[in-house]
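Listed here are the chains, written in short residue letters.
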Amino acid sequence: MDAFSRHLMTRKFKKVVHEYSFKDTILYSLGVGVGFDPRDSSQLKFVYEDGLRPMPSMAVVLAHPGFWAKDPDTGIDWVKLLHVGQEFELHESLPEAGKVYSVTRVVDVLDKGANKGAIIITERVVKDFETDSKICTVRTTSFARGNGGFSEGGRVGSKIKSVIPDRECDIESELCTFPNSALIYRLSGDLNPLHASPEVAKSAGFDGPILHGLCTFGVSCHAVLRAVLNYDDKAVKKMGASFTSPVYPGDTVVTKIWEVSYGYSFQCYSKESGAKIIDNGFVVVREGEI
């Protein structure tokens, strides 16, 4: 193993303790656009404290380690780092409020070659602070554009196998985001000014603040719950996707959904630009739930 990979994969991360209330759970759901029709009781359960249920995708914000790649000891060119994939698995239903903790670790580093960057995959297991029981496992894939060529011959990972069937989708779902979606979602933990400051966004080459990738991920989770699961959050066991293009607050997210053996696969597009914004999306459902 090369020195860069060894350094990251043996790096010690601090334990992150996260205590959250029902208000945080509601705020997350509002941030991904749930509750746009307050008369719809199926949506209301995610944004109202009476019988409150967390969105399954809220797993991605629990006990988050923050932007650790910016720490000087990592050796990562963080300015060129892109968040390209996300996955979570629920070991039990998310609590609507509670105290949890996690410790992050780097599970793999793939060198794509000089001037081609590297893939860094991290994992964190979120556990109940009092009982130590596992609640969920969260995996994040990042593309370090400035860190390739550190291993002899490179360690190029195999191309991601598409989970999208070669046929027309079974159902489409359209969900609007809102001009203030990024401003709401950032309050769930990601305060990157790219999603709030027009000046910062323009300096990064965007026309204005863009939506968080994980916010779009949450919108896609909402789309699947709404279109094929009748808002049954307990049916979701595992979910993942790759991020392919940015989304602007106010864009309409069109989610194309296919029924497959393990549950559903999906892609998302921006209705306004036509760009594919999420690819290789999948939702694994619990046995007997579909």
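Structure's up top.
Residues numbered from 1 in each chain as written. Predicted model: local features only at pLDDT ≥ 70, side-chain atom pairs only at ≥ 80, totals over all residues. Heavy atoms only, no water.

1. Quick look at helix α2 (residues 22–31)
To keep things clear, this is the line we draw: A 1.4 Å probe rolled over the protein chains alone gives each residue an accessible area, and that area as a share of the maximum for its type sets the label: buried under 20%, exposed over 50%, partly exposed in between. Under the DSSP-based scheme used, a helix requires at least four consecutive residues in state H or I and a strand at least two consecutive residues in state E, with every element numbered from the N terminus. Any two residues whose heavy atoms approach within 4.5 Å are treated as being in contact.
Those residues of α2 lying buried are T25, I26, Y28, S29 and G31. The secondary structure elements touched by the buried residues of α2 are β1 (16–20), α4 (181–185) and α6 (213–228). Positioned one or two residues after α2, G33 has a phi angle of 90 degrees, which is positive.

2. A closer look at unusual backbone geometry
For A63, which is not glycine, the phi torsion reads 50 degrees and is therefore positive. Looking at where A63 falls in the secondary structure, it is placed in the loop between α3 (41–44) and β2 (81–90). Even without a glycine there, the phi angle at N280 is positive, about 50 degrees. For N280, the position within the fold is in strand β11 (residues 276–285).

3. Topic: the environment of T216
If you trace the backbone, T216 turns up in helix α6. Its relative accessible area of 4% is what places T216 among the buried residues. Those residues in contact with T216 that lie beyond four places of it in its chain are L211, V247, I277 and I278.

4. Remarks on the environment of L30
Residue position: L30 is located in helix α2. Residue L30 is classed as partly exposed on the basis of its relative accessible area, which comes to 40%. Residues L30 and T255 lie 225 residues apart in sequence; the distance between their C-alpha atoms is 19 Å. Not counting the four nearest positions on each side in its chain, L30 is found in contact with V47 and I184.

5. Some details on a nonpolar patch on the surface
What counts, and what does not: Two distance rules govern patches: like charges are joined within 9 Å, and nonpolar side chains (Val, Leu, Ile, Met, Phe, Trp, Tyr) within 5 Å, applied only to residues with over 30% relative accessible area and no salt bridge. Areas reported as accessible are Shrake-Rupley estimates using a 1.4 Å probe. Residue values count occlusion only from the protein chains shown. Basic side-chain nitrogens of Lys or Arg form a salt bridge, by our definition, when they fall within 4 Å of a carboxyl oxygen of Asp or Glu.
The grouping of F67, W78 and V79 at the surface amounts to a nonpolar patch, some 310 Å² of accessible area in total. Relative to the helices and strands, V79 resides in the loop between α3 and β2. Residue classification places V79 among the exposed positions, given a relative accessible area of 57%.

6. Some points on the pairing of β2
Stated formally: Pairing between strands is defined by DSSP: at least two bridges between the two strands are required.
In this structure, β2 lies alongside strand β6 (residues 134–144), joined through nine bridges in antiparallel fashion. By the bridge assignment, Q86 is partnered in β6 with T140. One ladder, built from five bridges, connects β2 with strand β8 (residues 236–243); its direction is antiparallel. Note that in β8 the partner of E89 across the bridge is K238.

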